[in-house]
Every structure is written in structure tokens, then in C-alpha cells.
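Okay, here's what each chain looks like letter by letter:
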Number of protein chains: 2
Amino acid sequence: MKHNYLDNTPVAEAKQIFFYSLGGTGFKYKSETVPSGAACGRILSEAVYAKICSPHYNASSMDGIAVKAENTYGASELEPVILSSGQYVEVDTGDPLPDGTDAVVMIEDVSEDGEGNVRLLSAVHPWQNVRQVGEDLCMGDMIAPSGKKITPSLCGAFLAGGVTEVPVVKKPVFGIIPTGDEIIAPVSDPGKGEIIEFNSSVFSAMLSEWGAESKIYDIVRDKPELISEAVSLACEENDAVLVLAGSSAGRDDYTSTVISEKGRVIIHGIAAKPGKPAVLGIIGNTPVVGLPGYPVSAIIIMEEFVRDLVDIYYCRKSSQAETVSAVLSRRVVSSLKYKEYVRVSLGKINGEFFAVPIPGGAGVITGFTKAAGILEIPQNSEGIEAGEKVTVRLIKDKNEIENSLIITGSHDPLIDEVNNFLQKKNCGFSVVSSHVGSMGALSAVKNGQAHLGAIHLLDSETGLYNESYVKRFFPDGGAVIVKGVGRVQGLMVKKGNPCGIREFSDIKNHTYVNRQRGAGTRVLLDHLLSKNGISPDEINGYRNEEYTHTAVAALIAAGNADAGLGIYSAAKMYDLDFIPICNEEYDFIVNENYIDDDKVKAFFEVLHSAEFRNRLEEMGGYNI
Amino acid sequence: MKHNYLDNTPVAEAKQIFFYSLGGTGFKYKSETVPSGAACGRILSEAVYAKICSPHYNASSMDGIAVKAENTYGASELEPVILSSGQYVEVDTGDPLPDGTDAVVMIEDVSEDGEGNVRLLSAVHPWQNVRQVGEDLCMGDMIAPSGKKITPSLCGAFLAGGVTEVPVVKKPVFGIIPTGDEIIAPVSDPGKGEIIEFNSSVFSAMLSEWGAESKIYDIVRDKPELISEAVSLACEENDAVLVLAGSSAGRDDYTSTVISEKGRVIIHGIAAKPGKPAVLGIIGNTPVVGLPGYPVSAIIIMEEFVRDLVDIYYCRKSSQAETVSAVLSRRVVSSLKYKEYVRVSLGKINGEFFAVPIPGGAGVITGFTKAAGILEIPQNSEGIEAGEKVTVRLIKDKNEIENSLIITGSHDPLIDEVNNFLQKKNCGFSVVSSHVGSMGALSAVKNGQAHLGAIHLLDSETGLYNESYVKRFFPDGGAVIVKGVGRVQGLMVKKGNPCGIREFSDIKNHTYVNRQRGAGTRVLLDHLLSKNGISPDEINGYRNEEYTHTAVAALIAAGNADAGLGIYSAAKMYDLDFIPICNEEYDFIVNENYIDDDKVKAFFEVLHSAEFRNRLEEMGGYNI
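The shown structure was predicted, so the numbers you read here are calculated from the model rather than taken from an experiment. (Residues numbered from 1 in each chain as written. Chains lettered and ligands numbered in written order. Predicted model: local features only at pLDDT ≥ 70, side-chain atom pairs only at ≥ 80, totals over all residues.)

Novice: Whenever I open this one, the environment of Arg522 of chain A confuses me. Can you help?
Specialist: Residues and elements named next belong to chain A. Residue placement: Arg522 occurs in helix α12 (residues 520-531). Through-space distance from the C-alpha of Arg522 to that of Gly437 is 8.8 Å; in sequence the pair is 85 residues apart. Leaving out residues up to four positions away in the same chain, Arg522 has contacts with Asn514, Arg515, Gln516 and Arg517. (Helix = DSSP H or I, 4+ residues; strand = E, 2+ residues; numbered from the N terminus. Contact = placed C-beta atoms within 7 Å.)

Novice: Explain the interface of chain B and chain A to me, please; I cannot follow it from the model alone.
Specialist: How large an interface is tends to be reported as the accessible area lost when its parts come together. Across the contact, 95 residues belong to chain B and 97 residues belong to chain A. Taken together, the elements giving at least two residues each to the side of chain B that touches chain A come down to α2 (152-160), β15 (195-196), α3 (199-209), α6 (295-314), α7 (365-369), α9 (413-424) and α13 (549-558) of chain B. Looking at the side of chain B that touches chain A element by element, the count peaks at 8 residues for α2 of chain B. Looking at the side of chain B that touches chain A, its residues break down into 43 nonpolar, 34 polar and 18 charged. (Nonpolar A, V, L, I, M, F, W, Y, C, P; charged D, E, K, R; others polar.)

Novice: Whenever I open this one, the relation of the copies chain B and chain A confuses me. Can you help?
Specialist: In this structure, two copies of a chain are linked by a rotation about an axis accompanied by a shift along it. Expressed as a screw operation, the relation of chain B to chain A combines 0.0 Å of axial shift with a rotation of 180°, fitting to an RMSD of 0.0 Å. The superposition of one copy onto the other is thereby described by a two-fold rotation axis. Scanning chain B for the C-alpha nearest the rotation axis identifies Glu209 of chain B, at a separation of 6.7 Å. The fraction of interface residues of chain B whose copies in chain A are also interface residues reaches 100%, indicating that both copies meet through the same surface. (Least-squares fit on C-alpha atoms with pLDDT ≥ 70 in both.)

Novice: Teacher, can you tell me more about the packing of helix α9 (residues 413-424) of chain A against helix α15 (residues 598-607) of chain A here?
Specialist: The geometry of a pair of packed helices is captured by two quantities: the angle between their axes and the separation between those axes. Residue and element names in this part refer to chain A. Where α9 contacts α15, the two axes come as close as 9 Å, and the packing angle between them is 105°. Judged by the angle between their axes, α9 and α15 are roughly perpendicular. Side by side, α9 and α15 meet where Val418, Phe421 and Leu422 of the first sit next to Ala602, Phe603, Val606 and Leu607 of the second. (Axes fitted to C-alpha atoms, helices over the stretch in contact; angles between N-to-C directions. Parallel < 35°, antiparallel > 145°, perpendicular 65-115°, else oblique.)

Novice: Whenever I open this one, the confidence of the model for chain A confuses me. Can you help?
Specialist: Segments scoring low in pLDDT should not have their predicted coordinates read at a detailed level. Per-residue pLDDT for chain A has a mean of 94; in total, 99% of the residues score no lower than 70. For this predicted complex, the interface confidence reaches an ipTM of 0.95, while the overall pTM sits at 0.94. (pLDDT = per-residue confidence, 0-100.)

Novice: Which parts of the structure should I look at to understand the sheet that holds strand β8 (residues 110-112) of chain B?
Specialist: Paired through their backbone hydrogen bonds, the strands of a sheet run either parallel or antiparallel. All names here are of chain B. On the basis of which strands lie adjacent, the open sheet formed by 3 strands has the order β5-β9-β8 and antiparallel pairing. In this open sheet, the two strands that pair with only one neighbour each are β5 (81-83) and β8. Shown here is a sheet whose adjacent strand axes are inclined to one another by a mean of 30°, direction ignored. (Pairing = 2+ DSSP bridges.)

Novice: Sorry, what's going on with the domain arrangement of chain A here?
Specialist: Residues and elements named next belong to chain A. Assigned domains of chain A: these are domain 1 (11-28 + 172-314), domain 2 (31-54 + 136-169), domain 3 (59-131), domain 4 (323-395) and domain 5 (431-623). Each of domain 4 and domain 5 was reduced to a C-alpha centroid, and the two centroids are 27 Å apart. In terms of residues, the side of domain 4 that touches domain 5 owes the most to one element, strand β24 (residues 339-349), which gives 3 residues. Considering only residue class, the side of domain 4 that touches domain 5 consists of 3 nonpolar, 4 polar and no charged. (Domains from an automatic or database assignment.)

Novice: Could you clarify how one ought to interpret unusual backbone geometry in this entry?
Specialist: Note: most residues except glycine have negative phi, and most peptide bonds are trans. With omega at -10°, the peptide bond leading from Ser54 of chain B into Pro55 of chain B counts as cis. One non-glycine residue, Ala245 of chain A, lies in the positive phi region at around 70°. Here Ala245 of chain A shows up in the loop between β17 (240-244) and α5 (255-262). We classify Ala245 of chain A as buried; it has 30 C-beta atoms within 10 Å. Phi is positive for Cys315 of chain B, close to 55°, though the residue is something other than glycine. Position of Cys315 of chain B among the secondary structure elements: in the loop between α6 and β22 (323-328). Judged by C-beta crowding, with 17 C-beta atoms within 10 Å, Cys315 of chain B ranks as partly exposed. (Buried ≥ 20, exposed ≤ 12 C-beta atoms within 10 Å, placed from the backbone.)

Here's what the structure looks like:
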């Protein structure tokens with residue numbers, strides 16, 4: 001077994017060393033020429049000058065008659081001027097002024113006498129109603145300088161100035177080489193041990209957003225000689241190369257070895273979390289970046305290093321990401337060893353942004369898709385306390401964040417379904433939901449960190465749902481319960497119930513998958529355990545916690561556990577058997593300040609609508 | 001001669017009527033399916049659910065050995081646990097957990113005894129170092145709702161969830177039909193009477209920015225039957241149709257007639273300036289918009305009506321344009337007949353935005369390329385006074401506007417050249433220059449509306465340049481003169497000097513083209529006239545004013561005037577003869593608050609650099 005260790009170079013230092021090393025290679029943009037009409041969005045590599053004037057001849061700016069201005073002098077209503085047929089020429093807008101004329105009388109001011117003469121009631125001065133040569137652009141004028149991003153109207157100005165093609169920065173092309181024995185091209189039915197390779201698509205899309213192109217190579221197996229061959233070819237064919245996975249120092253990690261054999265490894269191992277096992281190297285004059293296999297780690301390295309590479313290629317300053325100041329909702333612990341990049345969701349309530357860290361490791365791409373921003377915690381910090389003001393770098397549109405309905409609390413797929421209905425209705429706002437459990441919902445609503453909370457909390461003394469909890473949390477009022485749906489909770493077990501579980505107490509003898517502390521379903525479990533006189537310690541898997549009904553169902557379907565409490569719709573999705581335990585009330589708690597909020601009202605309108613009832617029936621296990 | 005009149009429907013009313021009429025046609029998005037990896041930037045037309053869990057099997061999250069967790073219980077440094085070769089399996093990151101194992105011990109914590117046994121110093125709990133099924137995504141989870149704009153990481157999430165293709169909104173296709181007898185496809189050497197057709201390129205680029213595609217048809221001549229045929233075909237082949245030019249009510253304007261024959265003209269004539277002669281119609285179920293021929297008029301109608309069409313197609317709310325509050329630098333007079341769209345440049349000085357209206361009519365596309373924003377003046381307003389606060393809709397990036405060096409005053413092509421050098425050096429800021437003449441420069445700098453002013457003002461009493469003017473404008477100091485360049489002023493005349501102009505006083509007998517009031521060159525003219533005892537009234541063309549040296553040169557080259565004062569570099573550009581009159585000092589005045597501003601310093605560094613001197617020598621007529 002091979003043991004290797006990575007460096008732990010601080011991010012800023014790694015940048016400095018890598019980009020300095022790259023400085024000697026001449027890594028920089030090349031120019032190409034593109035038709036002006038198709039150049040929108042591209043960056044000029046040279047200044048563009050008008051080749052002709054626009055207009056390039058004196059053109060009538062009206063429909064009317066072209067005249068010599070001095071022939072019209074003195075015309076008035078009392079003493080009209082009469083011009084004979086040789087003294088004027090009919091012109092349309094855009095027509096060249098005939099020789100000997102220097103002004104145009106607009107058609108509305110002309111009256112004919114039927115014999116070819118016209119009568120004018122007012123004079124025109126020289127060049128009146130004429131677009132003189134160069135009115136828009138003069139030959140030799142600089143239309144736009146080098147470095148300018150071409151807008152639609154600039155396309156028009158180039159063409160107006162007789163410039164049919166323009167020199168632009170050739171977009172850099174990044175070769176992307178996915179490596180790994182277990183990865184396969186995207187399919188909908190991978191076999192066991194086959195991992196769908198999606199990182200290349202993500203990075204290609206990121207590069208495209210930054211103004212770069214990419215060339216994705218076929219997957220290369222974990223053999224150093226194959227990887228070496230692929231990297232050599234890619235270095236010839238591209239401006240820069242990304243090698244996906246194999247960037248660490250494990251048994252099958254060959255990226256750094258391959259780079260060091262062909263060129264130089266500048267940095268191997270960065271004090272970033274996630275993102276540590278990255279390789280920054282140069283082969284010939286081509287930068288080669290080894291990216292970690294975990295998608296979130298790799299995205300962080302893409303944003304920190306590869307985005308800069310694109311900017312360096314373009315010789316442009318890195319664009320400053322938009323940031324907001326937000327209150328951190330939950331304590332974040334950080335290691336002194338790394339700069340940490342915490343994915344957070346963001347909401348704006350009562351005029352203040354707050355940031356909620358999103359759970360999930362570097363392998364969880366959905367942790368990134370859900371994130372609205374990144375909270376960067378410096379390497380020398382041990383973390384940040386809840387309630388502190390932090391600066392969050394935005395990855396979502398600020399307007400979208402500001403205009404979101406924040407729903408937190410107990411998980412039910414119906415929240416996503418209501419959101420989908422709202423979006424189909426073009427509601428004009430987003431729904432951001434997080435699964436923090438029913439107890440979390442109460443405190444989030446109380447602390448002003450959510451518009452709505454979803455709860456289903458059984459009071460074991462009264463057997464009633466929700467009300468007593470809300471009274472306890474809001475002793476002085478301030479929150480309103482809005483009825484949601486009834487839903488069936490029960491034990492989910494594998495199809496055909498191979499363990500023969502008949503009633504709740506049977507779970508004692510089998511592995512269980514639990515929900516997180518604070519979840520309503522966890523409260524229900526604890527209530528049922530105590531009612532049945534079972535201690536949590538007797539439950540094998542009590543500490544195996546998941547955040548959603550579907551996650552519990554998925555683990556039972558996979559055989560990781562024999563049973564778990566959950567809702568009928570999740571069991572149905574996974575074709576599990578279901579042993580109903582109780583009907584519960586899944587309700588919403590609303591901070592009373594928001595009960596008339598348009599977004600809140602729109603949410604309940606959908607939830608209580610007839611068409612949504614149909615959707616609930618399809619999902620199964622709900623009653624209204 | 002045909003006389004027709006347009007309606008004058010207010011913009012908001014025109015929208016209401018047109019879009020209401022369109023409501024019955026079912027004009028709305030269609031769906032198409034695209035590969036998930038290529039879907040970034042597209043809009044989902046349906047919610048997307050995960051088809052498989054991700055991971056879809058229990059996968060090791062480490063390089064190490066897979067074990068049954070309970071076999072490791074109790075392991076410690078004092079009492080290590082020994083596992084024999086049958087009790088563990090070596091696994092790499094991503095490998096499936098072998099049957100009978102439920103945890104992974106990381107490689108760093110394993111030591112071998114050489115005989116196939118391993119020694120563990122600590123225990124693992126079930127599922128430790130394992131990515132359990134569904135850790136990232138659970139089958140059936142909604143990955144994104146309908147209407148969501150697909151991000152790079154969403155592409156990854158779709159693929160991770162086994163979704164290889166996604167339903168997206170098919171981009172609407174707009175057919176664009178350029179019409180006109182005089183227009184030609186872009187060339188660099190149009191003949192007299194030929195107008196380069198660039199509007200279709202501008203509108204195609206605008207549509208692309210809004211998420212629509214376009215199909216540009218061949219130019220159609222001004223014959224109603226040809227236009228009718230083209231419109232019919234385009235209505236069949238596209239989601240919407242734009243007919244360029246011919247939208248007014250003149251002799252050769254057929255758009256409204258063609259639309260009314262095939263369908264319905266909803267609006268003809270909008271109370272917008274520019275933009276009045278537009279047609280909004282429907283043929284069958286296809287919206288057809290007749291756009292004015294002047295580019296700026298058409299751009300306004302594109303932004304006001306066609307952009308909304310794209311949003312209506314997508315069933316999305318129109319995005320709110322970013323605005324800033326700015327001080328208006330100059331009075332703008334507006335007609336009660338129209339809503340007016342004033343192109344303005346924007347600068348930020350001393351923390352405050354100010355807006356400067358850009359001269360030029362609806363035919364001047366460069367008036368739009370230079371604009372940073374649009375000031376909309378409501379129909380019921382007679383205008384806005386200088387100094388008032390106005391809201392400007394941005395068309396440039398706000399950061400770019402905030403980070404601009406504002407130079408105003410006398411025109412010289414060298415300012416654009418310095419800017420080009422700065423951009424090539426990747427200076428990180430833009431240079432915004434406007435030609436308001438030397439006198440305008442003094443007041444702009446005094447009023448804090450420019451960082452720098454360019455001046456060349458001859459004091460006719462002393463024969464010296466600039467200093468006395470600055471003293472008069474800044475009696476208490478506050479501004480500094482920075483020496484610029486010396487340059488030669490003279491009379492520009494046609495190549496070969498056909499009028500035989502030998503000295504200044506000869507201009508009396510010929511047509512002249514003048515510079516605008518306040519320009520240093522105008523001050524010079526007036527000084528020369530008075531010195532030579534010539535009255536302005538004796539100069540034929542004294543009132544024919546242009547804003548730049550190149551414009552004056554262009555008009556002399558075109559024969560619109562026989563002579564004009566200007567700088568040598570302009571005469572050289574147009575291959576004119578040049579009769580030197582004087583050497584003048586073209587200097588810069590800097591508000592003393594900005595003398596240490598980085599942007600100001602960077603500007604002068606280039607201006608005074610050796611490499612820039614080379615450029616000035618190429619241009620000719622300068623001395624330093």
C-alpha cells in the first residue's frame with residue numbers, strides 16, 4: 001500500500017506561485033477575425049476604426065423635395081416661393097442629395113400646382129433635413145478600443161463604418177480529460193460500481209460562462225501511460241488542460257506523476273476545504289490543472305484557479321464577485337489548516353440577509369446547486385459564531401435571493417410540488433426550502449429566518465398536533481398556524497416485507513434508519529418508543545440519521561436498513577411495503593407579519609387549490 | 001404624392017392593446033428536449049426528478065479497507081483489533097462496499113503485519129467513510145422545478161440523478177426581414193445611394209441576449225407583393241416576425257398595408273421619440289412588428305415591445321432593468337406629444353452619478369453605442385432642468401460606469417488613442433470622453449462632472465494659451481493645468497486646393513464648415529476673423545457647426561464645404577491639403593481633488609510615454 005502526502009499551500013500563496021511560474025510561458029490571448037455581425041459578446045483584440053463615413057454621402061433624412069436652400073429664402077405664408085420643375089427633385093428618406101441641391105423640404109410642407117411647380121410656405125437653410133456625410137461616424141474615428149466587449153449596437157456601428165470583420169480575442173480552449181476506472185459516460189441506469197461522469201459537463205458549462213471553450217476527451221482509465229498519452233495530446237490541442245480526478249496522492253492517483261514527468265508540478269495540495277488534493281502544473285507552455293474527483297472540491301478549485309486562468313488569458317482584471325452582508329444562522333466550525341468554502345443558502349427577511357450553511361460534503365453536488373452563495377472562512381479562523389455578520393460571495397442572482405419565499409422545517413415532497421405549480425403559474429418569485437425538521441421550523445420562524453415553517457409535532461400528552469408546541473414557542477403570540485394536509489405516517493419496509501415486521505415494536509429486532517433530531521418524524525418515533533416501553537439503545541440504527549423521507553426510503557430499498565418511519569408517498573416512490581401507524585397533521589406556521597405577504601398567500605392558494613389536490617392524490621397518502 | 005398619418009398611441013396603452021390582442025393567439029413557449037450536459041443557460045419547461053439515487057450504491061468515500069463495523073468495536077492504541085484476510089477488503093474511493101461490510105477504515109489508520117492481517121487502533125461505526133445510497137440525491141427527489149434557469153452545477157445534478165436529457169423551453173425564433181430599395185448587405189465600399197443594412201445584425205444580437213434566436217432573411221425590395229410574400233413565409237417559419245423599415249406612412253412604406261392584408265394591424269404609430277413609426281400587428285397567430293428604419297428608433301421599439309414579446313413567450317415576468325439616480329447635467333426639452341428616450345452618458349464623480357445627454361438623432365447608432373443609460377421622459381413632461389435628479393435605466397454595467405475616467409472638452413483623436421493604450425495595458429477602467437469644446441471642459445471640471453478637461457484656448461490679448469482662461473474660471477484655485485501636446489492648427493482644403501485658398505482671409509469667398517460654440521477651434525476662428533477684420537456674417541457656413549475635427553474634414557472631403565479649421569492629423573486622415581495657421585497648446589485641466597487619482601495618473605503616464613510619442617508621430621502634426 002502506497003502512502004503519499006500532499007502539500008498544504010495556502011490558497012493565495014498557491015496562486016502567486018502558480019501564476020508567477022506561468023508568467024514565463026507566454027500564456028496569453030491570440031487574435032482571430034470574425035464577421036462584425038456575429039461578434040456580439042466577444043472582446044476586441046485591437047481598436048477598430050471606421051473605414052468609411054456614415055452616411056458616406058449626403059442623404060435626405062425625410063421624404064420630400066431636394067432644393068438649393070438659397071432658392072427658398074424669403075418664403076412665407078404671405079409670400080410663398082414657387083419652384084419650377086427644374087428647381088427641385090423628389091427624394092425619399094435615404095436618397096442621395098442630387099447635385100446642386102443642399103437641403104430637403106419635407107413632403108408635408110410642399111404643395112403642387114398640378115403643372116410641375118411646387119409652392120413653399122417657408123424657407124429651409126443649407127443642409128436642413130439632410131444627413132450630412134459623417135453625421136453618425138467619420139472615417140478614421142475609433143469606434144471602439146482594444147479590450148471592449150462588443151454590444152449589439154457596436155455590431156451595428158462596425159458595419160455602418162464599413163468594417164465587415166473585426167479582430168477579437170480567440171476564446172481559450174480548455175481540454176478536459178476525465179479519468180478513472182469506475183466512471184462511465186452519463187446513462188440513466190448505471191451498474192453497481194459505475195459512477196456517472198458529470199464533472200466534465202459542469203466544468204465545460206462553467207468555462208463557457210467565463211468566455212472559454214472546452215474540448216471534452218473520452219474517459220481515460222487509471223493507467224499512468226494512458227493518462228500520460230492523453231495529457232500530451234491535450235496539451236498540443238488546447239490552450240490549457242484539466243485532468244479530472246486522480247489529483248490526490250492515493251493508490252490510483254497519477255495526475256501529479258504524469259505532469260511531473262512531462263513538465264513541472266508547481267503545487268500539489270492546497271490548503272482549501274474542499275479542494276485540497278489539486279495539482280497545478282505546467283507542461284511546455286500549457287497550464288495543466290489536476291482537479292479532485294469530488295464535484296464540490298473541483299468546483300472550488302475551478303473558481304479559485306481556473307477562472308483566474310481564463311482572466312489571465314484574456315489579460316483582464318478578475319471580475320469582482322458580488323457579495324452581500326448576511327447574519328450567519330448557525331455556528332460554523334473551521335479548521336486552522338484550511339481556508340474553508342461553506343455553501344450557504346441566503347434569504348432576506350425584514351430587510352436583512354441571513355446565511356444558512358448547507359449540509360453535505362464535497363461529493364454532494366446538490367449542496368452546490370442549492371447554494372445561493374459561498375462563505376469563505378480564512379485559514380487562520382477557527383470558525384464563526386451564529387449571529388455574526390459575514391460577507392457571502394453570491395452565486396445566485398441577488399434579485400432572485402431578495403425575492404424568495406423561505407420555507408423551512410419538516411420535509412415533505414409536497415413543498416417542491418407547490419413550488420413547481422407556482423413556477424408554472426409564473427409567480428415571479430422563488431421558493432427556497434430547507435429541511436431542518438419541525439422543531440427547527442419553530443425557531444426559524446421565531447428568529448425571523450423563514451416566512452413559513454412546516455411542522456407536524458405530536459403532543460404525546462394530548463394526542464393533538466402542533467398547537468401546544470406553537471403556544472410554547474410563542475407564548476405572547478406572533479405566529480399563526482395555517483392548516484396544511486393530513487398525511488399517513490408508517491413503517492416503510494422492503495417490498496414483500498422480508499423481515500416480517502407487523503407492528504411498531506417489531507423494529508427492535510431489525511436495523512432501523514432514523515430521522516435527524518428535531519424532525520417531527522423523530523418526535524413521533526420517540527413517542528412510539530416510550531409508549532411501547534422501548535429504549536433508544538435497543539434500536540439498532542437509532543443513530544443513523546437522515547434528513548428526508550426519501551433518503552430513509554432509499555436506504556431501506558438499498559438494504560442499508562430494514563425499516564424506518566416515513567410518509568406513504570416516499571414508500572410508494574420506492575415501491576416499499578408500508579405499515580400505517582398514524583394520520584398526522586402537516587401544518588404551516590407563519591410569522592404573523594407575513595400572513596398577508598403576497599408570496600405566502602400565493603403559496604397557500606396553490607396548496608389549497610383543486611388542481612393541487614389532484615397532484616396530492618397521485619402522490620398518495622394525503623388527505624385534506 | 002401620398003399623404004398618410006400615423007396614430008400616436010401612448011407607449012403603455014400600445015403595450016396593453018397589443019399584448020391583450022396577442023393573448024388570444026396562444027403565443028407561448030414550446031418544449032424541446034436537450035442533453036443535460038448541454039442544457040446550461042436554458043429554462044426548464046417541466047420539473048426534473050432524479051431517476052436514480054446518487055450514489056446509487058454504497059460507495060467507499062476513502063481509500064482503505066471495507067469492514068464490518070462491529071468487528072472493529074473496542075479497538076484502541078492499547079488494545080488494537082486484528083482482522084484476518086477474510087475480514088476486510090481493500091477498497092478505493094468510489095468502490096462499492098463488498099457484501100457483508102458496512103464501513104471503511106481509512107488507509108492511514110491501517111497497518112499490515114505482512115501475513116495478510118491488519119491491525120486497527122480505533123473502531124469505526126456503521127457507515128463510517130461510506131457514501132450511502134442517496135447521500136447526494138434520492139430517486140424521486142425534484143432536482144429543479146419548471147421555469148428554473150439551468151446552472152453548470154444543475155447540469156451535474158441532472159446527470160448524477162440519471163437524467164440524461166431535460167425538457168427545456170424551445171427558444172423562440174424571430175424572423176427578421178430587412179426591406180428597402182437602397183439597402184445592401186454589409187460591405188466596406190458602398191456606392192452612393194447604397195445604405196449598409198446593419199439593423200438585422202443589431203436586432204439578432206439583442207434577441208440572442210434575451211434568449212431568442214433569429215433567422216435573417218435576404219433583403220426585400222420596396223415592392224408590396226415581394227414584402228407580402230416574404231412576410232407570409234416568415235410567419236410560417238418563425239414564432240414572431242420583424243419587418244425592418246417601411247413602418248411609417250410614406251410613399252414606400254408598405255409594412256402596415258401588408259400586415260393589414262394578411263392579418264390585423266393593432267397599432268400603427270406610437271407616442272415614442274424616437275420610435276414613433278412602428279407597426280404592431282398579428283398575422284394568424286404570429287406577432288409581426290414593423291420596425292422603423294432608423295437604428296435608434298428601432299432599438300427603442302425592440303426594447304419596449306419586442307423584449308416583452310420574448311418574455312411573454314417564456315411566460316416570465318419582464319426583468320427589471322437596473323437603474324441609478326443621477327444629476328442631469330444639461331437641460332432636456334421634451335415634447336408633450338411623446339414619451340422620450342434620451343441616450344445619456346453617465347459618470348460617477350465624488351460619489352454622485354451625473355447624466356449627460358448625448359447629441360445625435362435617431363439615425364446615429366454611435367449615440368447608442370456611447371450611451372451608458374436611457375433617460376425616459378414621460379409623455380406628460382415638458383422636459384427636465386439641469387441639476388435635477390433623474391432615474392436612468394442602465395445599458396452599461398454599473399461597475400464599469402463607476403470605474404470610469406471622465407474626460408471632456410476639446411476633441412482630439414489622441415484621447416481615443418490614449419484610451420486604447422490604457423486598455424491594452426489592462427488598466428482596469430474605462431475612459432469616457434465627450435466633445436463639448438474647451439469652454440465646456442472648464443465648466444464640467446468646475447462643476448465636478450469630469451476628472452479631466454481637454455483645452456486649447458488662445459488668449460487673443462496675450463497670445464498665450466489656456467492659463468488666463470483657467471485663472472478666470474478658477475479665481476480661487478482648485479484646478480491644475482497639466483501640459484498635453486503641441487499641435488498644428490490650420491485650414492483644411494480639398495486635395496490640390498481647387499479653390500486656391502492661400503491664407504486665412506481667403507475663406508471669405510468660399511463655403512466654410514465651422515466648429516460648435518465653445519470649441520477651442522471656434523475661439524481660434526473668431527480670433528482670426530477679428531484680427532483680419534472679417535465679420536462672421538461674411539463667412540458662408542459660419543452657422544454650419546460640427547463637433548469634431550474629423551467631421552469637419554469629412555465634410556470638406558465630401559464637398560459640402562471648401563474649407564474649415566482643424567488639426568493636421570484630421571487633414572492627413574482624409575488626404576486633404578493643409579495650410580498651417582498656428583501651433584497651439586492642447587493641455588489638460590484637472591480638478592485638484594483628482595490630481596492623485598490612479599486613473600488620472602495612468603492617463604498621463606501613457607500620454608507622456610515614449611511609446612505613445614511614436615503613435616503621435618504616426619498620426620502627424622503633434623509636437624511634445
